[in-house]
Amino acid sequence: MYKTSPDKICRIITFLIGGVFLFIIFFQILILLGAPEEPVTIPALMLVLFSFILVFTWGYAPYGYVIEKKNLNILRKLGTKSIPLSEIILVRAVEKDEMKNTWRSFGNGGVFGYYGKFRNAKFGDMVFYTRRRDILLLLELSNGKKIILGPDELTSFKKSLKEAISKNQ
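From a predicted model like this one, the values you see are computed outputs, not experimental measurements.

Draft legend 1. Inspection of the pairing of strand β9 (residues 136–141) at higher detail. Along β9, five of the six residues are buried, which leaves the element largely enclosed by surrounding structure. Note: strand β5 (residues 88–94) against β9, six bridges, orientation antiparallel. Looking across to β9, one finds that leucine 90 is bridged to glutamate 140. Where β9 and strand β10 (residues 146–149) come together, four bridges link them in antiparallel fashion. The partner of leucine 138 across the bridge, within β10, is isoleucine 148.

Structure below.
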């Protein structure tokens, strides 16, 4: 397994946003416990909503990658994402300046990781599965889709992935 560790920005964002969400959750619990005769619809909904958001962002954050005979698996707590090796046509490292002006179109920008849909002028639409922004690897699939990964050990991961892809073709 190749790990993807959170970068400093990811840790800070997770700590700050997670702390605010935990405070809101705790405050809603106090409201629910302190006023049983009062209407509790809004505090209960906020408790459920903020708890769901925290669990969802934690559960779908990638924590590692496994290269198998036919698939590249992106490990997440709430389900593994598999990419058939036969669909990968390009594997290359991404330079820091190539990711300038990248923005989220529908993704998570730092709470437990960077994942979901992103876009920039150089690569167009991309799907991120990483917890870091300093070490990035671009995969291009046969259908034109671009995937960004962030393995801690870029060189050995890239080499192993290319070897697995060549054995699959």
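From this point, the narrative continues.
Draft legend 2. The pattern of salt bridges, seen in detail. Taken as a whole and assessed by the stated rule, the structure comprises six salt bridges. Residue arginine 132 is joined to aspartate 152 by a salt bridge in which the shortest nitrogen-to-oxygen separation is 2.5 Å. One end of the pair, arginine 132, is in the loop between β8 (124–130) and β9; the other, aspartate 152, is in the loop between β10 and α3 (154–168), and 20 residues separate them in sequence. On the basis of relative accessible area, arginine 132 is assigned to the buried category, the value being 12%.

Definitions and cut-offs
- Residues numbered from 1 in each chain as written.
- Predicted model: local features only at pLDDT ≥ 70, side-chain atom pairs only at ≥ 80, totals over all residues.
- Heavy atoms only, no water.
- Buried < 20%, exposed > 50% of the residue type's maximum accessible area, 1.4 Å probe, protein only.
- Helix = DSSP H or I, 4+ residues; strand = E, 2+ residues; numbered from the N terminus.
- Pairing = 2+ DSSP bridges.
- Salt bridge = Lys/Arg side-chain N within 4 Å of Asp/Glu carboxyl O.

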